[in-house]
Amino acid sequence: AQSVTQLDSHVSVSEGTPVLLRCNYSSSYSPSLFWYVQHPNKGLQLLLKYTSAATLVKGINGFEAEFKKSETSFHLTKPSAHMSDAAEYFCVVSDRTYKYIFGTGTRLKVLA
Amino acid sequence: EPEVTQTPSHQVTQMGQEVILRCVPISNHLYFYWYRQILGQKVEFLVSFYNNEISEKSEIFDDQFSVERPDGSNFTLKIRSTKLEDSAMYFCASGGVFTDTQYFGPGTRLTVL
């Protein structure tokens with residue numbers, strides 16, 4: 001069965017410093033992996049998606065994620081945090097029937 | 001840009017009452033989903049729907065739940081007799097053909113008193 005583990009429930013960074021949100025997955029086959037962001041009182045917005053075409057995936061708003069099969073990881077990074085990045089981030093794996101399995105989420109706080 | 005919409009944004013109901021949560025998926029999408037997130041917990045899959053029938057449902061989706069696509073645009077989730085533990089944020093999502101990417105609505109927060 002597929003699963004994802006988000007290693008940090010809360011991450012705080014200063015504005016202008018790098019962001020790292022960690023995600024490990026478990027899958028019996030080559031998975032589709034996603035990162036979604038949820039701003040307060042908003043829906044879940046797709047940041048980026050991995051589908052095996054390239055291990056480094058670029059998303060919206062300067063975010064990217066690297067798929068590392070040997071480490072079963074799909075960490076989300078951004079070189080320089082903005083105040084507007086403060087939100088909750090979800091790592092997601094899609095199973096063979098297309099349903100999503102969510103991680104528990106990481107709340108990102110950006111300090112001025 | 002097309003988006004998934006959900007109504008109402010908040011719903012308060014008494015235990016035992018029926019509620020219907022409404023969703024308008026993206027117009028050319030054929031796959032529809034409901035998820036829920038109980039406060040402080042992870043987002044959980046409830047049900048998927050394709051070609052006017054349920055494709056898959058989770059253990060949570062018992063006989064108290066039903067889904068329907070009553071016309072060409074709406075997708076609804078009905079809870080027949082709400083329980084306190086049904087209080088959660090409910091998300092609708094839709095997806096196109098030959099892709100596993102889903103697009104989510106803003107959610108309906110259901111509070112059962």
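See the structure printed just above.
Residues numbered from 1 in each chain as written. Chains lettered and ligands numbered in written order. Predicted model: local features only at pLDDT ≥ 70, side-chain atom pairs only at ≥ 80, totals over all residues. Heavy atoms only, no water.

**A closer look at the overall build of chain B**
And then number 1: Looking only at helices and strands, one finds 0 helices and 11 strands in chain B.
And then number 2: Walking chain B from its N terminus toward its C terminus, one meets helices and strands in the order β-β-β-β-β-β-β-β-β-β-β.
And then number 3: On C-alpha atoms alone, chain B measures out to a radius of gyration of 13 Å, which is about the 13 Å that the 2.2 N^0.38 rule sets for 113 residues.
And then number 4: Projecting the C-alpha coordinates of chain B onto the three principal axes gives extents of approximately 40 × 30 × 25 Å.
And then number 5: Taken across its 113 residues, chain B has 47% of its residues classed as buried. (Helix = DSSP H or I, 4+ residues; strand = E, 2+ residues; numbered from the N terminus. Rg over C-alpha atoms; globule rule 2.2 N^0.38 Å. Buried < 20%, exposed > 50% of the residue type's maximum accessible area, 1.4 Å probe, protein only.)

**Section: the interface of chain A and chain B**
And then number 1: Chain A puts 18 residues into the contact, and the matching count from chain B is 16 residues.
And then number 2: Roughly 1600 Å² of surface becomes buried between chain A and chain B when both sides are summed, with 55% attributable to carbon and sulfur atoms.
And then number 3: Counting the contacts that link chain A with chain B gives 2 salt bridges.
And then number 4: Residue Asp100(B) pairs with Lys49(A) through a salt bridge whose shortest N-O separation is 2.8 Å. (Contact = heavy atoms within 4.5 Å. Buried area = accessible area lost by both parts, 1.4 Å probe. Salt bridge = Lys/Arg side-chain N within 4 Å of Asp/Glu carboxyl O.)

**Concerning the sheet that holds strand S1 (residues 5–7) of chain B**
All names here are of chain B.
And then number 1: In spatial order, the strands read S1-S3-S8-S7; together these 4 strands make up an open sheet with antiparallel pairing. Strands at the two margins of the open sheet, each flanked by one partner only, are S1 and strand S7 (65–68). Shown here is a sheet whose adjacent strand axes are inclined to one another by a mean of 20°, direction ignored.
And then number 2: Judged from the 3 bridges that link them, S1 and strand S3 (residues 19–24) form a sheet pairing that is antiparallel. From the neighbouring strand, Thr5 faces S3, where its bridge partner is Val24. (Pairing = 2+ DSSP bridges. Axes fitted to C-alpha atoms, helices over the stretch in contact; angles between N-to-C directions.)

**Considerations on the side chain of Lys99(A)**
And then number 1: Examined against the element boundaries, Lys99(A) turns out to sit in the loop between strand S10 (87–94) and strand S11 (100–102).
And then number 2: In this structure the side chain of Lys99(A) is engaged in a polar contact, spanning 2.6 Å, whose partner is the side chain of Glu56(B).
And then number 3: Filtering out sequence-adjacent residues up to four positions away, Lys99(A) remains in contact with Val93(A), Ser94(A), Tyr35(B), Phe45(B), Glu56(B) and Gln102(B). (Polar contact = N/O pair within 3.5 Å; in protein donor to acceptor, adjacent residues only side chain to side chain.)

**Concerning the environment of Thr99(B)**
And then number 1: As for its placement among the helices and strands, Thr99(B) is situated in the loop between strand S9 (88–95) and strand S10 (103–104).
And then number 2: By relative accessible area, which is 25% here, Thr99(B) ends up partly exposed.
And then number 3: When the C-alpha positions of Thr99(B) and Thr5(B) are compared, they lie 20 Å apart, and in sequence the two are 94 residues distant.
And then number 4: When residues no more than four places from it in sequence are discounted, the contact partners of Thr99(B) are Lys49(A) and Tyr98(A).
And then number 5: Engagement of the side chain of Thr99(B) in a polar contact is seen with the backbone nitrogen of Thr101(B), the distance being 3.1 Å.

**Concerning the state of the cysteines**
And then number 1: Throughout the structure, instances matching the rule amount to 2 disulfides over all chains.
And then number 2: The disulfide bridge from Cys23(A) ends at Cys91(A), spanning 2.0 Å between sulfur atoms. Of note, the bridge from Cys23(A) to Cys91(A) carries an S-S torsion of about -65° and is left-handed in sense. Of this pair, Cys23(A) sits in strand S4 (residues 23–26) while Cys91(A) sits in strand S10, and the two are 68 residues apart along the sequence. Per residue, the accessibility class of Cys23(A) equals that of Cys91(A), and both read buried.
And then number 3: In this model Cys23(B) forms its disulfide with Cys92(B); the gap between the sulfur atoms is 1.9 Å. Its S-S torsion of approximately -65° makes the covalent link between Cys23(B) and Cys92(B) left-handed. Linking Cys23(B) in strand S3 with Cys92(B) in strand S9, this pair joins segments that are 69 residues apart in sequence. (Disulfide = S-S within 2.5 Å.)

**A look at the pattern of salt bridges**
All names here are of chain A.
And then number 1: Counting across every chain of the model gives 8 salt bridges over all chains.
And then number 2: Here Glu64 ties to Lys58 by a salt bridge, and the two come within 2.7 Å at their closest N and O atoms.
And then number 3: Given the relative accessible area of 23%, Glu64 is considered partly exposed.
And then number 4: Judged by relative accessible area, which is 62%, Lys58 ranks as exposed.

**Quick word on the nonpolar core**
And then number 1: One finds Trp35(A), Phe74(A), Leu76(A) and Tyr89(A) to be the most contacted residues of the largest nonpolar core, which totals 26 residues.
And then number 2: Looking at this core element by element, the count peaks at 4 residues for S10(A).
And then number 3: For Tyr89(A), the contacting residues outside a window of four places in its chain are Gln6(A), Leu21(A), Trp35(A), Tyr36(A), Val37(A), Leu47(A), Phe63(A), Leu76(A), Gly105(A), Thr106(A) and Leu108(A).
And then number 4: Ranked by size, the runner-up nonpolar core spans 22 residues in total, among them Cys23(B), Ile38(B), Phe65(B) and Cys92(B). (Core = buried A, V, L, I, M, F, W, Y, C linked by side-chain atoms within 4.5 Å.)

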